[in-house]
Structure formats: structure tokens, C-alpha cells
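Topology and contacts: notes
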Amino acid sequence: MSFDAIDAAWWSILFILIGGWLATDIWRWLGVLLGNRINEESQALVLVRAIATALVAGVIAKLVVFPSGSLAETHWALRVGALAFGFLAFQLAKQNVMVGVVSGALALFAAIAVF
Amino acid sequence: MTERADIDWFFKGAKNLWSPAALILMSAFVGFSALARESGIEIGHAMLITISIWALPSKIILVGAALSGTGLAATFLAVSLASVRFIMMVSALFPELRTKETRTTTMLFLSHFVAVTSYVIAMEKVRDVPREHRIAWFAGTAITLTLANTVLVGVVYQFSTAFPPIVMAVLFFLTPMYFLTSLWASARDDVVKFAMVFGLILGPIFHVVLPDIDLIASGLIGGVLAWAVGYLAQKRKSVA
């Protein structure tokens, strides 16, 4: 039963609520219940934070290496290069996030315009 | 007295809407709105997807599934797999926000508004907020972000066909660029930095090798590796 399977407003809404909202929020709720059992000072929290960080880093890399939409039409080397350039600028600017993001975006813009 | 102060802290949190983090997130949502329109998703659905899922990667997966005619069960599974990280992000975040009096129902409600941006803002600034007001401050921060971006998606939807592809490409690129730098800047210890490096390397590898469980695999393996490296480095330091 796909998104377009039934041509009715209630079906599209149900599809979004079950396939999207419920599929996302059950993990947030489980996170609350798991977090209730974790002591703030424990090594367990350090481990949980490390796993959460590695997951988000995986999302970041996927958004750059395997993107969707208009970004997918650019060469991967331009995207990875722009990401590295932005990160370098961020480090040189004493870890200023805004400097990093603007530099990376400008680098990508210039690279697409040139190549 | 405390209630009054909680309301003040809620609005202090809401002001994070004008932080660089939130502004960059909003530009990413401009990108999402354009993607939804490009994909033929109706405006009301695009807004419902925004407020009900909130996490950008899961939203993109849902739009992709709707577009390709994927069934509801398979869509549920794909979005679930992309959202498993929340069990870790929420359980890392809420121990920093709650007091002994915080009700679990309050946290269950607030957890809906957790996504990378609110997580990063909270991890960066929560230590400057008195413990008893952290829940109110986080509620102000995260709920405001969600509602503002839902409205933004609706407004941008009307205009987005006017964007040239190069602008769209750069808008989509802002999200990973911002996640990378802000997560690094908010890292409090080396373990988090190790975890980032491992996750960045493992994410694309597992996307090719284990496409169905790529994020969970890179999170678990990268995270445990980072924790072990950090633990050993700490041990060596304390011996020397």
C-alpha cells in the first residue's frame, strides 16, 4: 500500500503519521526511557554519547557522499572537497561555525560554477 | 516564583531561533521545501511531514518512499532505521536536562522536538542554564524551532520553483557542513571527536556494504571504537 495507493486525503495523512511520525518518535520515546536509567556521571553515558555522535557523523557523510535532489547532480569530489575546505576554515577561525559553513558553501558554489 | 522563572527561561530558549545554528537549519528547510515541491508532494503534506517527523534525514527518506511508490510497511522500516539514532541522542541529552522531579510524560512529549540542531544547541549551551530551568529552556528552544520551520516550509513552498539548481545544491550542502562544524565545536571530550572521525569514515562504507542498517552499524561500531580508544588514552595518561 503506497502513498498514492488510495486517492483520499485521510490515506496520505495516515501514511505520513505511521510511516513518518510513529517510525521516528518510538525511538525518541525509547531514548527517554533508556536515559532514565543512565547516571549523568557514568561511563555508560560517555559510550552512549559516542554512539550518538558516530551515528550523526554517518548521516553527515551520507548527505555529502550520497546526496539527494539538486546536490546529487554535482561531482562527489567537489562536495567532499568543499566540506574539507569549510572544516579547515572553521579550524583556522578558532572553531567559528559560521565561518566554516559560509566558507564551505562558497567553495562549493565556486567549484560548481567553474567545473 | 519558579513558574515565572520557567516562563522566562522558555523565552530565553525561544530566542535561540536567531542563533547561527537555527538560521542555517532554516536554510536547510528551504532546501527541503523545494525538494518536496520538486517531488510533487502537496504543501499541506510537506508541512505535516515537517511537524510530525522533524528530523531532516528521515523526512527525505519518507519523501523518497512516497515518490517511488514504496509500501507503508517498507516505508515504516526505512524511516525507523534512519531514526534509531534518536534512542542514543535522546538518552544522551535528557540526563543533562532533567531533575529528579521531572516527569517522564514531560520528557516523552519534549523528546519529539529533538533533532540534530536542538541537540547541538543544547549540548553547547545547557551548562549555562541552571539545572532546575533546563527543561523549560529546552522546551522553548526546540518547540520554537519546530513550529518556525513548519511555517517556513509552507511559505517557501509557494516560491521555491524560482531557485536555480546551483542555489538548491548549495542549500542542500549547508546541512552537512553545519552539522559537521557545530558537532565538532560542541564536543566536550576527545571521545566525541574520535566518534565523529569514525562515523564519517564508516557511514559511506556501510552505505555500500550494508545499505539497510548503515547508520546503526556505523554508530555502534564507530561509537564503541571511539569509546575504547578514549578509555585506553585516559588509562595511559593516568599511568604516566
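Below you will find a few notes about this structure. From a predicted model like this one, the values you see are computed outputs, not experimental measurements.

Along its length, chain A carries 4 helices and 0 strands. In sequence order, chain A lays out its α and β elements as α-α-α-α. Taking 13 Å as the expected radius of gyration for a compact globule of 115 residues, we find that chain A reaches 20 Å, considerably beyond that expectation. On the principal axes, the C-alpha backbone points of chain A span a range of 50 × 45 × 20 Å. Put simply, chain A has 115 residues, and 45% of those count as buried. Within chain A, contacts between residues separated by at least 24 positions form 27% of all contacts whose residues are at least 6 apart in sequence.

What follows deals with the nonpolar core. Soluble, globular proteins show a tendency: their nonpolar side chains are buried together. Ranked by size, the top nonpolar core spans 118 residues in total, and within it Ala50 and Ile60 of chain A together with Phe173, Leu174 and Ala195 of chain B carry the most contacts. Per element, the largest residue contribution to this core is 15 residues, and it comes from helix H2 (residues 43–65) of chain A. Once residues within four sequence positions are removed from consideration, Ala50 of chain A is found in contact with Val191, Val192, Ala195, Gly223, Ala226 and Trp227 of chain B.

This paragraph deals with the packing of helix H2 (residues 20–38) of chain B against helix H10 (residues 165–185) of chain B. All names here are of chain B. Where H2 meets H10, the axes come as close as 8 Å, and the angle between the chain directions of the two elements is 145°. Where H2 crosses over H10, the two elements pack in a sense that is left-handed. For the pair H2 and H10, the contacting residues are Ala21, Ile24, Ser27, Ala28, Val30, Gly31 and Ala34 in the first and Met168, Leu171, Phe172, Leu174, Thr175, Tyr178 and Ser182 in the second. For the contact of H2 with H10, the per-class residue count stands at 10 nonpolar, 4 polar and no charged.

Positive phi is not limited to glycine here, since Gln95 of chain A has a value of about 60°. If you trace the backbone, Gln95 of chain A turns up in the loop between helix H3 (76–92) and helix H4 (97–114). Exposure remark for Gln95 of chain A: the 15 C-beta atoms within 10 Å place this residue in the partly exposed category. At Trp54 of chain B, a residue that is not glycine, the phi angle is positive and equals roughly 75°. With respect to the secondary-structure elements, Trp54 of chain B resides in the loop between helix H3 (43–53) and helix H4 (56–68). We classify Trp54 of chain B as buried; it has 25 C-beta atoms within 10 Å.

Procedures and definitions
- Residues numbered from 1 in each chain as written.
- Chains lettered and ligands numbered in written order.
- Predicted model: local features only at pLDDT ≥ 70, side-chain atom pairs only at ≥ 80, totals over all residues.
- Helix = DSSP H or I, 4+ residues; strand = E, 2+ residues; numbered from the N terminus.
- Rg over C-alpha atoms; globule rule 2.2 N^0.38 Å.
- Buried ≥ 20, exposed ≤ 12 C-beta atoms within 10 Å, placed from the backbone.
- Contact = placed C-beta atoms within 7 Å.
- Core = buried A, V, L, I, M, F, W, Y, C linked by C-beta atoms within 7 Å.
- Axes fitted to C-alpha atoms, helices over the stretch in contact; angles between N-to-C directions.
- Left-handed = near helix turned anticlockwise from the far one by under 90°.
- Nonpolar A, V, L, I, M, F, W, Y, C, P; charged D, E, K, R; others polar.

Remember, this is a structural readout, not a statement about activity or role.
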